[in-house]
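These are the residues of each chain, in order.
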Amino acid sequence: MNLKNSTLSRLGYTEYRPLQEQAIDALCSGQDVLLAAPTGGGKSLVYQSAGLIRSGIAVIVSPLLSLMSQQVDELNKKGIHAKFLNSTLNPGEQDDLVWAIRHKHIDLLYLSPEKLVQPSVIGFLHSFDISLFAIDEAHCISQWGSFFRPEYSQLGQLKTSFPTVPIIALTGTVDQKTIGSIQESLQLENSLILRSSFDRSNINIQIAQKRKAKQQILYFLHHEVPGESGIIYCRSRKKTEELAAWLCELGLPSLSYHAAMSEEDKRRNHQTFDEKHGIIMVATTAYGMGIDIAHVRFVIHLDLPSSPEAYFQEVGRAGRDGMPAKSLLLYGLQDMLQAQQLAGLQPLSAEGEKQRLSSLFRILEGRGCRRKNLLSHFDESIPACNYCDRCLSTKSEQNMTTASQKILSLVYHTKGLQPFSVLIQILLGKKNKATTAINATSLAIFGKGKELAEAQWKSVVRHLIAYDYITIEQTNTLSVHINEKARDVLQGKVQIILPSERYYPTLNEDQLVI
Ligand code: ADP
């Protein structure tokens, strides 16, 4: 048996996956590698194997302490000499570690990025043979992505300090731009880039309009994933607690998780969710990176994620075991406006933030297969999946050009000062406080949009925002204006075709039978 195969069986596997083998071969020949594969794609085996095959110690950098300690435990159980250098070691333990390293009793050394860039640690690493550097979650180095971690920015010095040691950067689902930015920051210009398909075809994607969100969630839990474990993502900490309490009251075992909870509570809730089946974890995105629980059968988004990357990563926490899993994202016009407002308030990298949001909007509002739209954001082209909500619906689309013209001209005539809810009421001819206050009844267009229901008007507006016909500006107040592109719609040069609108069904509390 050759060294590659004996290493594989030492690690407890029978066969490498094709991409793993390519990455290992490159590293073993001294080449740098950038490996992008979705969570669960088997990235750890690559640096573990190559680290064991090459002589010297493999240094593995990860931002997730829990993940490192879990990997080290598992490796030790397999009789592999792995250690974790962290700040919880007392001086005695640190001395033991240094002794073990010096005497070549360690093959894999795990540490955090903060630890690695300390001059004393860099100096220490220079005193022995290093087989490779593995940088896990390397997208954290990219200022472009939404996962930027400042402690990663100094890792670029590794290539200069250790020019002959191969580096492997590992990342989850990222777009081409982020890959370029990782290469540049880590000085991996000549690396072999390996990208596996990001498609997680066992996860069903549903994106639907939000109305009575809590009752919609009940419908999903009851009809689509009864008794299963899953995660519900919400934006606010308070909402996670309230929703978990409400679900518990209804007899649906739920826990919450957010950054402001004590470490002890977080650890306990995570452990319960991990060990027991049939629990719902209501969490903010703090419940994220590194979560690897095989039995998560669904992920619900009750609020909009911050980017396509975040959406993909969060959805990817379902179905880690490869068995069928489901995802549901609920949103409406209000969510889009709120997200834009939040992004507008961010002083730093506001442009990046806005662009990510606008890519997300286009994925949500785009025509055709959901999975195809999502993957095309990651430069991957796949045929329609035939099982997302779009592929399963009757595939009907409507020409909304006239409706778009009405709304655009109304934005123009009201100088962008009226909220969309009022504009829609004008189109529907509703005489109420808001419309009479601005004398809307005297407008020629008042009541000229009764052919569509309110939900359809909202979807027209969402589409016009997502595709930049309308821009929303957040200065002191919110103002809306139509763009150059909108003129083509107003002049009939561009047609606006929209997929048919759909609210996700609801189930009332009193109809719930457990
Ligand atoms: P990632 O780091 O990409 O998220 P992991 O390295 O945690 O993924 O691997 C995900 C799962 O796939 C793990 O349960 C691991 O045991 C399994 N796995 C990885 N490589 C192989 C392989 N060659 N054969 C069988 N199972 C594998």
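Just so it is clear, the model here is predicted, and its values are computed rather than measured.

Q: Hey, could you go over the overall build of the protein chain for me, with residue numbers and the actual values?
A: Tallying secondary structure elements over the protein chain gives 22 helices and 17 strands in all. Taking 2.2 N^0.38 as the reference for a compact globule, 514 residues should give roughly 24 Å; the C-alpha atoms of the protein chain span a radius of gyration of 26 Å, in line with that estimate. Its C-alpha atoms put the protein chain at 90 × 50 × 40 Å along the principal axes. Long-range pairs, those at least 24 residues apart, make up 73% of the contacts in the protein chain with a sequence separation of at least 6.

Q: Mind laying out the packing of helix 18 (residues 401-413) against helix 21 (residues 454-466), listing which residues take part and the relevant values?
A: Contact geometry for helix 18 and helix 21: axes closest at 10 Å, N-to-C directions at 75 degrees. Classified by the interaxial angle, the pair formed by helix 18 and helix 21 is roughly perpendicular. Counted together, Ala403, Ser404, Ile407 and Leu408 of helix 18 and Val460, Val461 and Leu464 of helix 21 form the full contact between these two elements. Looking at the contact of helix 18 with helix 21 residue by residue, the class counts come to six nonpolar, one polar and no charged.

Q: So, the pairing of strand 2 (residues 57-61): which residues are in play, and what are the values?
A: Among the five residues in strand 2, five count as buried, and that is most of the element. The two faces of strand 2 match: Ile57, Val59 and Val61 on one face and Ala58 and Ile60 on the other face are all buried. Looking at chain direction, strand 2 and strand 5 (residues 130-135) are connected through five bridges and run parallel. Paired with Val59 across the strands is Phe133, a residue of strand 5. Bridge analysis of strand 2 against strand 4 (residues 108-111) gives four bridges, and the strand direction is parallel.

Q: Run through the nonpolar core, naming residues and quoting values.
A: Considering soluble globular proteins, one finds that nonpolar side chains tend to be buried as a cluster. Membership of the largest hydrophobic core comes to 81 residues, with the highest contact counts inside it found for Ile232, Met281, Ile300 and Ile407. Residue contributions to this core peak at six residues, all from helix 21. Excluding residues that lie within four positions of it along the chain, Ile232 makes contacts with Ile217, Leu243, Ile280, Val282, Ile300 and Leu302. Of all hydrophobic cores here, the second largest spans 52 residues; its members include Ala37, Phe84, Ile130 and Ile167.

Q: Summarise the sheet that holds strand 13 (residues 325-331); cite the residues concerned and give the values.
A: The strands that make up a sheet are held in pairs by hydrogen bonds between backbone atoms, and each pair lies either parallel or antiparallel. One open sheet holds the six strands; their spatial order is 8-13-12-9-11-10, and the pairing between them is parallel. With partners counted over all chains shown, the strands left at the sheet margins are strand 8 (203-209) and strand 10 (254-257), one partner each. Taking the axes of each pair of neighbouring strands and ignoring which way they run, one obtains an average angle of 15 degrees across the sheet. Relative to strand 11 (residues 280-283), strand 10 is paired through four bridges, and the arrangement is parallel. When the bridges of strand 11 are listed, Tyr257 appears paired with Ala283.

Rules of the game
Within every chain, residues take consecutive numbers counted from 1 along the sequence as written. With the structure being a predicted model, the display of local features is reserved for residues of pLDDT at least 70 and the display and counting of side-chain atom pairs for 80 or more, all residues being used for whole-chain, interface and lining totals. Each helix is a run of H or I in the DSSP string that is no shorter than four residues. Each strand is a run of E no shorter than two, and both are numbered from the N terminus. The globule rule used here is 2.2 Å times the number of residues to the 0.38 power, and the radius of gyration it is set against is calculated over C-alpha atoms. The contact rule is simple: place each C-beta atom from the backbone, and if two of them lie within 7 Å, those residues are in contact. Axis definition: a line fitted to C-alpha atoms, over the contacting stretch in the case of helices. Angles run 0 to 180 degrees between N-to-C directions. In what follows, roughly perpendicular refers to angles from 65 to 115 degrees, roughly parallel to angles under 35, roughly antiparallel to angles over 145, and oblique to any angle outside these ranges. Gly is placed with the polar residues, together with every amino acid not listed as nonpolar (Ala, Val, Leu, Ile, Met, Phe, Trp, Tyr, Cys and Pro) or charged (Asp, Glu, Lys and Arg). Comment: burial labels come from other C-beta atoms within 10 Å of the residue's own C-beta, placed from the backbone, where a count of 20 or more is buried, 12 or fewer is exposed, and between is partly exposed. DSSP-based pairing: two strands are paired if at least 2 bridges between them are found. Only buried residues count toward a nonpolar core: Ala, Val, Leu, Ile, Met, Phe, Trp, Tyr and Cys, linked into one set through C-beta atoms within 7 Å.

Interpretation note: all reported values are geometric properties and have no functional meaning in isolation.
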